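Per-entry structural report
Now for the letters of each chain:
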Amino acid sequence: MTALLEGAKKLVARGSDLGARIEGLDAAADGARGRLDDAIVDDARAAADRAAARIRLSADHTVVGIAGATGSGKSSTYNWLTGLDLSAVGVRRPTTSWATACVWGSEGASELLEWLGIPARHQVMRDSMLDTRREDQGLEGVVLLDLPDHDSTELAHHLEVDRLVQLADLLVWVLDPQKYADAAIHDRYLAPYTTHQDVILVVLNQIDTVPEGDRDSMVADVRRLLDEEGLSGVPLMAVSAREGDGMAELKAEVVKRVAAKKSSRARVEADVKAAAGRLEEESGTAAPRELSKERVAALEDAFADAAGVPTVIAAAEQSARLRARRATGWPVTRVFSLFRPDPLKRLDLDLGSAGRHLSGRGRRSAPEPTPVEKARVDAEVRALADDVSDGLTRPWVSSVRAAASSGLPELAGRLDRSLAGTDLGVSKIPWWAGLVRLLQWLFVLAALGGAGWLAVLAVMSYLKVDAPEPPEVGSLPLPTLMLIGGVVLGVLFALVCRVLVGVSVRRRVAVAEARLRGAISEVADEVVIRPVKAELAAYAGVREGLLRALG
Ligand SMILES: Nc1nc2c(ncn2[C@@H]2O[C@H](COP(=O)(O)OP(=O)(O)OP(=O)(O)O)[C@@H](O)[C@H]2O)c(=O)[nH]1
Ligand SMILES: [Mg+2]
C-alpha cells in the first residue's frame, strides 16, 4: 500500500516537473518574442504548445509512428505488428498517402486521434474486433501509425510526415538496404534528434534480400552512421517485415516501451529540452544583469548638464542673493542702488533663457544643449547600454541598445517641459526680510532724528538763542547718540543680515537643485532607465524560464 502511494507521489512529482518545464519554455518564448530570432521563438512556442496539448491528452496511450523512405516497408511492418493486412502494400510507389492508425484499447483515445488529425475512416480499433489475439495484449494502449513516405514527390506526404513525426511519442524509422544511407532521412530526421534518443528505434528492413554473408557488415555500417550522428543510444534492429525475421524482437521492444508508459513523457520532455536548448543558444547563459547606481547617476549628470541645470542654479543663486540683499541691506545704500539697473533684468541679458527661467518670465525654454552636451548624453546612454548588456548575446545587446536610445529624439523636449514645470522657489525673499526692513528704517529714522535735533541745536546756538540742554545718556547727549547709534547699528545690522542671507540662499539653492535633479531623474527614468530595465527583465524572464525548461 505504501509502495503504491510512493509510486503515485512520484508520478505526480514527475508530472509537475514536466509541467514546470513546459511553463518555463512558455515563459521564455514570451519574453524572447520580438527580441530574439522569430523562427527560433516560433519553434519554442510551438514546442511548448504541442507539449502542453500532449500532456493534457491520454497518458495511457503511446503514439508509435512508423516512418521511412518510400518502399522501405513501413506498411509491411505495420501490417506485421497489427497482425492484419490493414495497410496497402504496393509495388507502385508511393503507396501510402495518408496516415492510418491502429488503436489497441480505444478508451480515451478519441481525443488523442483527433489531435493527431487522423480521420475516423483511417482508424482501426483493435479491441472492437472479434479476433483480438492474446498476444496483442502487450500492445494495449498503442496507437500505431503507418505514415506516408518522407522522400516522396508529393508535397502532401512531406507535410503529413513532418506533422506526425512531431506528434508521435515513439518513432520507428524503417531503413532499407538500398537507401539506408540517404541524406534525405539522416540530415532531416535523424541527426537533429540527438536529444530524442529515448524515443527513436531504427530498423533495417528487407534484411532477407541481403546475402547472409553481407548482413553483419551492413548492419555495422548503419550503426556507424547512427553513431556518427550522435545517436549511439538508439537501438538498431535488422528485420524482414515480409519474412518475419527479427519482427518479434521489434515488437518486444515496442511492447516494453509502451508498458513503461514513459514514451509520451519522454518525447514531450525531449521536445521541450531541445527547443529550450535552441532558444538558449540564441539567448545565452549569462546571469541576468542589473543597472548600477553609478551608471544611472552618470546618465543623470549628463542629462542635467544638457538641460543647463548648473547654469540655472548658478544664476538662481546670484539672483536670490541680490534680491535678499536689497531687501535686507542698509536703506541708505539701497536708495543709491535704485539707480542701478535691475539685477534680474541684467541676469536676463547675461544668461539668456536661463535668466528668463529665474525671473519667471517665459519659463518655457531651457538653455539649448550645446553639441558637446548632446554628444555627452549620447555617449552616456551608449555606455549605459553597453555596460549593462556586457556578456549578453548579440540579439540582447541590440535590444538593450535600441531600448536605451528609443526615447532620445524626444529628450530635449522632455527635459525642457519638466524643468519648466519645476518651481525653483529661490527668488522668494526670506520671510524675516520685512522685520529687518522695519528695524532698518527705525535706525534710519533715529539717525535722521538725531541729525535734525543736532542741526536745530546748532542753528539756535548760532543765533545765540538759549536752547534747552538735550538730555544725556551716559556721557553722550541723546541726539548725538541717536545719529551715531542709528548709523552704526544700521550698518552693523546690514552686515549681519548679509551673513544670514548667505545661509538662507544656500539652503534654498540646495532645495532648488534637488528639485531640478528630481525632475531630471524622472525624465531619465522614463526615457532611458525604464525601457532598459524592461529589456533586462525580459532577459531575466527568458533565462529563468530556460533554466526551468532545461531542469
Ligand atoms: N523482400 C522483402 N520485401 C519487402 C519487405 N518489406 C516490404 N517489402 C516489399 O517492399 C515493397 C514496399 O513495401 P511497403 O510496405 O508498401 O513499403 P512502404 O514503406 O509502406 O511504401 P510507401 O507506402 O510507398 O511509402 C512491397 O512490395 C513489399 O512487399 C521485406 O522485409 N523483404
Ligand atoms: Mg506504405
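Placed above this text is the structure.
Each value, and the rule that gives it
Residues numbered from 1 in each chain as written. Chains lettered and ligands numbered in written order. Predicted model: local features only at pLDDT ≥ 70, side-chain atom pairs only at ≥ 80, totals over all residues. Heavy atoms only, no water. Near = heavy atom within 4 Å. Polar contact = N/O pair within 3.5 Å; in protein donor to acceptor, adjacent residues only side chain to side chain. Areas by Shrake-Rupley, 256 points an atom, 1.4 Å probe, with all protein chains shown as cover. Nonpolar A, V, L, I, M, F, W, Y, C, P; charged D, E, K, R; others polar. Salt bridge = Lys/Arg side-chain N within 4 Å of Asp/Glu carboxyl O. Helix = DSSP H or I, 4+ residues; strand = E, 2+ residues; numbered from the N terminus. Buried < 20%, exposed > 50% of the residue type's maximum accessible area, 1.4 Å probe, protein only. Pairing = 2+ DSSP bridges. Axes fitted to C-alpha atoms, helices over the stretch in contact; angles between N-to-C directions. Donors = N, O, S within 2.8 Å, 3.2 Å for Na, K, Ca; no water. Patch = residues over 30% accessible without salt bridge, like charges linked within 9 Å, V, L, I, M, F, W, Y side chains within 5 Å. Phe/Tyr/Trp six-rings, centres within 6.5 Å; stacked < 30°, edge-to-face > 60°. Parallel < 35°, antiparallel > 145°, perpendicular 65-115°, else oblique. Left-handed = near helix turned anticlockwise from the far one by under 90°. Contact = heavy atoms within 4.5 Å. Expected span 1.5 Å × (residues − 1). 1 Å grid on protein atoms, 1.4 Å probe; cavity = no way out; pocket = protein on both sides within 12 Å on 5 of 7 lines; lining within 4 Å. Points joined across faces, edges and corners; volume = space filled by probe spheres on them.

For the rest of this paragraph, the subject is the site of ligand 1. Inspection of the region around ligand 1 gives 22 residues, with Lys-74, Ser-75, Ser-76, Thr-95 and Asp-208 positioned closest. At 2.9 Å, a side-chain N or O of Thr-96 approaches an oxygen atom of ligand 1. Arg-242 places a polar side-chain atom, nitrogen or oxygen, 3.2 Å from an oxygen atom of ligand 1. Here ligand 1 has 650 Å² of accessible area as a free molecule, and 91% of this is covered by the chains. A class-by-class count of the residues in the shell around ligand 1 yields 4 nonpolar, 13 polar and 5 charged.

Taken as a whole and assessed by the stated rule, the structure comprises 34 salt bridges. The partner of Arg-45 in a salt bridge is Asp-49, and the shortest N-O contact between them spans 3.8 Å. Note that Arg-45 and Asp-49 are positioned in helix 2 (residues 38-56) at a spacing of 4 residues, about one turn of the helix. The class for Arg-45 is partly exposed, based on a relative accessible area of 21%. With a shortest N-O distance of 3.4 Å, Lys-261 and Asp-60 are connected by a salt bridge. On the criterion of sequence distance, the pair formed by Lys-261 in the loop between helix 8 (247-260) and helix 9 (263-283) and Asp-60 in the loop between helix 2 and strand 1 (62-68) is long-range, its members being 201 residues apart. Here the salt bridges do not stand alone but share partners, grouping Asp-17, Arg-21, Glu-269 and Lys-273 into one network.

Right, let's get into the sheet that holds strand 3 (residues 123-125). As summarised here, the arrangement of the 7 strands in space is 3-2-4-1-5-6-7, forming an open sheet in which the pairing is mixed. The two strands at the open ends of the sheet, each matched to only one other strand, are strand 3 and strand 7 (236-238). On average, each strand axis in the sheet is inclined to that of its neighbour by 20°, with strand direction left out of account. Pairing analysis gives 5 bridges linking strand 1 to strand 4 (residues 142-146), with the strands arranged parallel.

Turning next to the coordination of the magnesium ion (ligand 2). Within the first shell, the magnesium ion (ligand 2) binds the protein through Ser-75 (OG) and Thr-96 (OG1), at distances of 2.0 to 2.1 Å. You can see Ser-75 sitting in helix 3 (residues 74-82) and its partner Thr-96 sitting in the loop between helix 3 and strand 2 (100-103), a full 21 residues away along the chain. One exposure class covers both Ser-75 and Thr-96, and it is buried.

Backbone geometry places Gln-206, a non-glycine residue, at a positive phi of 60°. Residue position: Gln-206 is located in the loop between strand 6 (200-204) and helix 7 (212-228).

Turning our attention to a nonpolar patch on the surface. A surface patch of nonpolar side chains, amounting to about 470 Å² of accessible area, comprises Ile-484, Val-487, Val-488, Val-491, Leu-492 and Leu-495. For Val-491, the location among the structural elements is in helix 19 (residues 478-550). Under the relative-accessibility criterion, Val-491 is labelled partly exposed at 32%.

Our next topic: the packing of aromatic side chains. Summed over the entire model, instances satisfying the criterion amount to 3 aromatic pairs. An angle of 80° between the planes, with centres 5.2 Å apart, marks the rings of Trp-396 and Tyr-539 as edge-to-face. With Trp-396 in helix 16 (residues 394-405) and Tyr-539 in helix 19, this pair connects stretches of sequence that are 143 residues apart. Neither Trp-396 nor Tyr-539 differs from the other in exposure class; each is buried. Aromatic side chains Phe-443 and Phe-493 sit 6.0 Å apart centroid to centroid with 80° between the ring planes, which places their arrangement in the edge-to-face category. Note that Phe-443 is positioned in helix 18 (residues 433-462) and Phe-493 in helix 19, a separation of 50 residues in sequence.

Where helix 10 (residues 293-306) contacts helix 15 (residues 371-389), the axes come no closer than 9 Å and their chain directions differ by 165°. As far as their axial angle goes, helix 15 and helix 10 are roughly antiparallel. Seen from above, helix 10 lies across helix 15 with left-handed handedness. Contacts between helix 10 and helix 15 pair Arg-295, Val-296, Ala-298, Leu-299, Asp-301, Ala-302, Phe-303, Asp-305 and Ala-306 from the former with Glu-373, Arg-376, Val-377, Glu-380, Val-381, Ala-383, Leu-384 and Asp-387 from the latter. For the contact of helix 10 with helix 15, a count of residues per class yields 10 nonpolar, no polar and 7 charged.

Next up on the list: helix 9. Taking 1.5 Å of rise per residue, the 21 residues of helix 9 would be expected to cover 30 Å, and the 29 Å separating its terminal C-alpha atoms lies within 8% of that figure. Phi turns positive one or two residues past the end of helix 9, at Gly-284, with a value near 90°.

Quick look at empty space enclosed by the protein now. Counted according to the given criterion, the structure contains 4 cavities of 30 Å³ or more. Counted as a void, the largest cavity has a volume near 60 Å³. Around the largest cavity sit Arg-50, Ala-51, Arg-54, Trp-115, Gln-166, Leu-167, Asp-169, Arg-267, Val-268 and Asp-271, which together line it. Those elements that place two or more of their residues in the lining of the largest cavity are helix 2, helix 5 (155-167) and helix 9.

Mapping Gly-31 onto the fold places it in helix 1 (residues 2-32). Residues Gly-31 and Gly-545 lie 514 residues apart in sequence; the distance between their C-alpha atoms is 8.9 Å. Once residues within four sequence positions are removed from consideration, Gly-31 is found in contact with Trp-396, Ala-538 and Val-542.

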